[in-house]
Amino acid sequence: MAAAPSRKPLMAGNWKMNNNHLEAIALVQKMAFALKEADYDAVDVAVVPPFTAIRSVQTLVDADKLGIAYGAQDVSQHASGAYTGEISGAMLAKLGCTYAVVGHSERRQYHHEDDAIVNAKVKAALAAELTPILCVGEGLDVRKAGEHVAHVLAQVDGGLEKIPAEQAEKVVIAYEPVWAIGTGEVATPRDAQEVCAAIRARLAELYDGDLAGKVRILYGGSVKGSNVAKLMQEADVDGALVGGASLDPGEFVKICRYRDLPA
Ligand SMILES: O=C[C@H](O)COP(=O)(O)O
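Sequence order as written defines the numbering, with residues in each chain counted from 1. Under the rules for a predicted model, residues below a pLDDT of 70 receive no local features and side-chain atom pairs below 80 are neither given nor counted, while totals for whole chains, interfaces and linings still include all residues.

Per an unreviewed UniProt entry, the protein chain goes by the name Triosephosphate isomerase and belongs to Actinomadura sediminis. UniProt positions are given in the numbering used here, feature names are shortened, and annotations may be inferred rather than shown by experiment. Looking at the Catalytic activity (unreviewed entry) heading of the UniProt record, one finds this comment for the protein chain: "D-glyceraldehyde 3-phosphate = dihydroxyacetone phosphate". As its UniProt record puts it under Subcellular location (unreviewed entry), the protein chain is described as follows: "Cytoplasm".

Quick look at the structure:
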């Protein structure tokens, strides 16, 4: 069963530390050339370039009135001040960013971001009216121990701590099992659905009303044109956070058009 019609799928390409600002322009131009109105009607399309390319992407998107949204790969937990190297939510909002990825496993692993920092970053993004894409996911050891659901739900609890419902409903959650990131080893649709459904059930416990039904939950980890259609058939998978495949415009457009692909 596919995602509920009330949740428009989101396909977001996280470029990670790839593409300078000139390469970014070329990539977005190629995507924009291929994507048609019907594609944007069917899915929200976003690119997440490195900070240094955001201004160039903004200029292109504005000049050509493109339907592609964009965001940042991280955001500071602080609003302003003496934080060398940090980029604030307000700065990103001023650049027209819609999204800020928060708590990506690479930030958690290489920059020691724990749930408290991730929670502060989610709050900072929301305060700047950015949509946080809150990343959660277990490592291989946790999965092998059968503790993946509990691990991910603890990250959801931590990331959303003290965030009121009117703010939480704007958050996008990305389930990215660490063992599937950049490895070519995609989670099975069943694995993805198990955890995405558990996340939605947790949202229903944390928040009243239909919030859980509104929040988009993405899957990320080795998503490609060859596996996206099957993943998107799952009821609680509302899109994908795509790494490597988003660097190839043809492949990313294929992912955005998953409906045309055989499942
Ligand atoms: O943010 C994206 C994820 O880390 C997935 O990366 P990947 O598609 O290269 O596995």
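The secondary structure listing takes helices from DSSP runs of H or I that are at least 4 residues long and strands from runs of E that are at least 2 residues long, numbered from the N terminus. Looking only at helices and strands, one finds 13 helices and eight strands in the protein chain. The size measure is the radius of gyration over C-alpha atoms, and the globule rule it meets is 2.2 Å times the number of residues to the 0.38 power. Here the C-alpha atoms of the protein chain give a radius of gyration of 17 Å, agreeing with the 18 Å that 2.2 N^0.38 yields for 263 residues. The principal-axis extents of the C-alpha atoms in the protein chain amount to approximately 50 × 45 × 35 Å. Counting only residues that meet the buried cut, the protein chain has 47% of its 263 residues in that class. Exposure in this text rests on C-beta crowding, where 20 or more other C-beta atoms within 10 Å of a residue's own make it buried, 12 or fewer make it exposed, and counts in between make it partly exposed. The C-beta atoms are placed from the backbone.

Moving on, we come to the UniProt feature "binding site: substrate" (unreviewed entry) in the protein chain. Here the UniProt-annotated "binding site: substrate" (unreviewed entry) positions come out as N14, W15, K16, G182, S222, G243 and G244. The annotated residues occupy 231 residues of the chain but converge on a single region, no pair of C-alpha atoms lying more than 13.8 Å apart. Considering the arrangement of structural elements, one finds S222 in the loop between β7 (217–220) and α12 (228–232). Assessed through the 21 C-beta atoms surrounding it within 10 Å, S222 is described here as buried.

In this entry, near means the residue's backbone-placed C-beta atom lies within 6 Å of the molecule or strand. N14, I181, G220, G243 and G244 are the nearest of the 14 residues found near the ligand. The nonpolar class holds Ala, Val, Leu, Ile, Met, Phe, Trp, Tyr, Cys and Pro. Asp, Glu, Lys and Arg form the charged class, and all remaining residues, Gly among them, are polar. Among the residues forming the shell around the ligand, the class breakdown is five nonpolar, eight polar and one charged.

Turning our attention to the packing of helix α1 (residues 21–34) against helix α13 (residues 249–256). Two elements in contact, α1 and α13, have axes separated by 9 Å at closest approach and are oriented at 45°. Of the possible angle classes, the one that applies to α1 and α13 is oblique. The chirality of how α1 crosses α13 is right-handed. Contacts between α1 and α13 involve L27, K30, M31 and A34 from the former and P249, F252 and V253 from the latter. Looking at side-chain class alone, the contact of α1 with α13 contains six nonpolar, no polar and one charged residues. Structural elements are reduced to axes, namely lines fitted to C-alpha atoms, with helices fitted over the stretch in contact, and the angle between N-to-C directions of any two is expressed from 0 to 180 degrees. Put simply, angles under 35 degrees are roughly parallel, angles over 145 are roughly antiparallel, angles from 65 to 115 are roughly perpendicular, and the rest are oblique. The hand of a helix crossing depends on one turn: near helix anticlockwise from the far one by less than a right angle means left-handed, and clockwise means right-handed. Note on contacts: residues are paired as contacts if their backbone-placed C-beta atoms lie within 7 Å.

A word on the packing of helix α8 (residues 148–159) against helix α10 (residues 189–206). At a closest axis distance of 10 Å, the pairing of α8 and α10 adopts a crossing angle of 45°. With respect to α10, the element α8 is oriented oblique. Considering only the axes of α8 and α10, their crossing is right-handed. Here H148, V149, V152, L153 and V156 of α8 lie close against α10, whose contacting residues are V195, A198, I199 and R202. Residues that form the contact of α8 with α10 fall into these classes: seven nonpolar, one polar and one charged.

Within the secondary structure layout, V118 lies in helix α6 (residues 115–127). For the pair formed by V118 and V102, sequence separation is 16 residues and the distance between their alpha carbons is 6.3 Å. Other than its neighbours up to four places away in sequence, V118 contacts V102, G103, E113, G158 and G159.

A positive phi angle is found at H112, which is not glycine, with a value near 55°. Within the secondary structure layout, H112 lies in the loop between α5 (105–110) and α6. Its 8 C-beta neighbours within 10 Å are what place H112 among the exposed residues. At S222, a position not held by glycine, the phi torsion is positive, near 60°.

Expected span, for any helix, means 1.5 Å times one less than how many residues it has. The terminal C-alpha atoms of α6 lie 18 Å apart, and with 13 residues this matches the ideal 18 Å at 1.5 Å per residue to within 8%. For α6, the set of buried residues is V118, N119, K121, V122, K123, A124, A125 and L126. Along its buried surface, α6 packs onto α4 (89–94), β4 (99–102), β5 (131–136), α8 and α9 (165–168). Following α6 by one or two positions, E129 has its phi on the positive side, about 65°.

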